Amino acid sequence: LVADVPRAQAPDTPQALIPYILETFHAVHRRELPELYKLARKVEAVHADHVAAPIGLADFLVAMLGELEEHMSKEEQVLFPTLLAGGGGCAPFAMRRMRLEHEGHEERLDELKARTNAFTPPADACGSWRALYAGCAKLHDDLRAHIELENTALFPMFE
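Numbering of residues starts from 1 in each chain and follows the order in which that chain's sequence is written. Only residues with pLDDT of at least 70 are given local features in this predicted model, and only at 80 or more are side-chain atom pairs given and counted; all residues enter the totals for whole chains, interfaces and linings. For the side-chain quantities, the full set of heavy atoms in the structure was used; hydrogens and water were omitted.

**With respect to the overall build of the protein**
When its secondary structure is counted, the protein shows four helices and zero strands. Reading the helices (α) and strands (β) of the protein from amino to carboxyl end gives α-α-α-α. By its C-alpha atoms, the protein is 55 × 25 × 20 Å across when sized along the principal axes. Here the protein holds 159 residues, and the buried ones make up 47% of them. Helical segments are the DSSP runs of H or I of at least four residues, strand segments are the runs of E of at least two, and each set is numbered from the N terminus. Using a 1.4 Å probe on the protein chains alone, a residue whose accessible area is under 20% of its type maximum counts as buried, one over 50% counts as exposed, and one in between counts as partly exposed.

This is the structure we're talking about:
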């Protein structure tokens, strides 16, 4: 799991930390979240009549992917190049904006946890349902680690 990498092992310069964030988090979110969406659609369709079916989870995940993609694009196109160039100009404003967006992502993660019964499928859940909830738990942990690394390691280098 990405979230298992201790923060102490993360690079300690912006020139190394930013590529680490891009590879360890941005690329992983882009790869895994669409797969979770597909899995959620499958589970919702197959188990629509189950009392604990995660109805609406696929739509929630696709909305979350859209928000996250927009956020990561801002970092990649504006904030990270500005920080790599020394952090002047719009960097303070952009970091404040990213912190506010991080708060929104954390709220979505709380909702994801609630929608999945704290990532605990029912006892009679199939393998796909179990894989979906395990993937949602990983997304939860990875995105929290991603946010923490930016908020407590990267941004303070420039504040």
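**Quick look at the environment of Gly135**
With respect to the helices and strands, Gly135 occurs in helix 4 (residues 127-154). On a C-alpha basis, the gap between Gly135 and Arg97 in space is 28 Å, while along the polypeptide they are 38 residues apart.

**Points about the pattern of salt bridges**
Throughout this description, the term salt bridge denotes a Lys or Arg side-chain nitrogen within 4 Å of a carboxyl oxygen of Asp or Glu. Summed over the entire model, instances satisfying the criterion amount to 14 salt bridges. Between Arg30 and Glu69 there is a salt bridge, with its nearest N and O atoms 2.8 Å apart. Taken together, the residues Arg30 in helix 1 (residues 14-46) and Glu69 in helix 2 (residues 57-84) connect sequence positions 39 residues apart. A salt bridge links Arg99 to Glu159; the nearest nitrogen and oxygen atoms lie 2.8 Å apart. Of the two residues, Arg99 is situated in helix 3 (residues 91-115) and Glu159 in the segment after helix 4; the sequence distance between them amounts to 60 residues. Exposure remark for Arg99: the relative accessible area of 25% places this residue in the partly exposed category.

**Observations regarding the nonpolar core**
Here is a general trend for soluble globular proteins: nonpolar side chains tend to be buried in one another's company. Buried Ala, Val, Leu, Ile, Met, Phe, Trp, Tyr and Cys residues that are joined via side-chain atoms within 4.5 Å together make up what is termed a nonpolar core. Of all hydrophobic cores here, the largest spans 25 residues; its most connected members are Leu57, Leu61, Leu112, Leu132, Cys136 and Leu139. At the level of elements, helix 1, helix 2, helix 3 and helix 4 are the ones that each hand at least two residues to this core. In terms of residue count, helix 4 provides more of this core than any other element does, eight residues in total. Each residue touching Cys136, except ones within four places of it in the same chain, is listed here: Leu36, Leu57, Leu61, Leu112, Thr116 and Phe119. Two residues form a contact once any of their heavy atoms are found within 4.5 Å.

**Description of the packing of helix 1 against helix 2**
Where helix 1 meets helix 2, the axes come as close as 9 Å, and the angle between the chain directions of the two elements is 165°. Judged by the inter-axis angle, helix 1 sits roughly antiparallel to helix 2. The crossing of helix 1 and helix 2 is left-handed. Nonpolar residues are Ala, Val, Leu, Ile, Met, Phe, Trp, Tyr, Cys and Pro. Charged residues are Asp, Glu, Lys and Arg, and all others, Gly as well, are polar. Its residues assigned to classes, the contact of helix 1 with helix 2 comprises 20 nonpolar, four polar and seven charged. Axis geometry follows a simple rule: fit a line to the C-alpha atoms, using only the stretch in contact for helices, then measure angles between N-to-C directions, giving values from 0 to 180 degrees. Reported orientations rely on four angle classes, namely roughly parallel under 35 degrees, roughly antiparallel over 145, roughly perpendicular from 65 to 115, and oblique for the rest. A clockwise turn of the near helix away from the far one marks a right-handed crossing, whereas an anticlockwise turn of less than a right angle marks a left-handed crossing.

**A short note on helix 1**
Side chains that are three or four residues apart share a direction in an α-helix, a result of its 3.6 residues per turn. What a helix should span is 1.5 Å times the count of its residues minus one. The terminal C-alpha atoms of helix 1, which comprises 33 residues, lie 46 Å apart, in line with the 48 Å expected from a rise of 1.5 Å per residue. Largest kink in helix 1: about 30°, centred on His29. Think of it this way: the bend at a residue is just the angle between two axes, each fitted to seven residues, one set ending at that residue and the other starting at it.

**So, the packing of helix 1 against helix 4**
One way to put it is that helix 1 packs onto helix 4 with a least axis distance of 9 Å and a crossing angle of 155°. Regarding the angle of helix 1 to helix 4, the classification is roughly antiparallel. Here helix 1 and helix 4 pass one another in a crossing that is left-handed. In terms of residue class, the contact of helix 1 with helix 4 is made up of 21 nonpolar, five polar and five charged.

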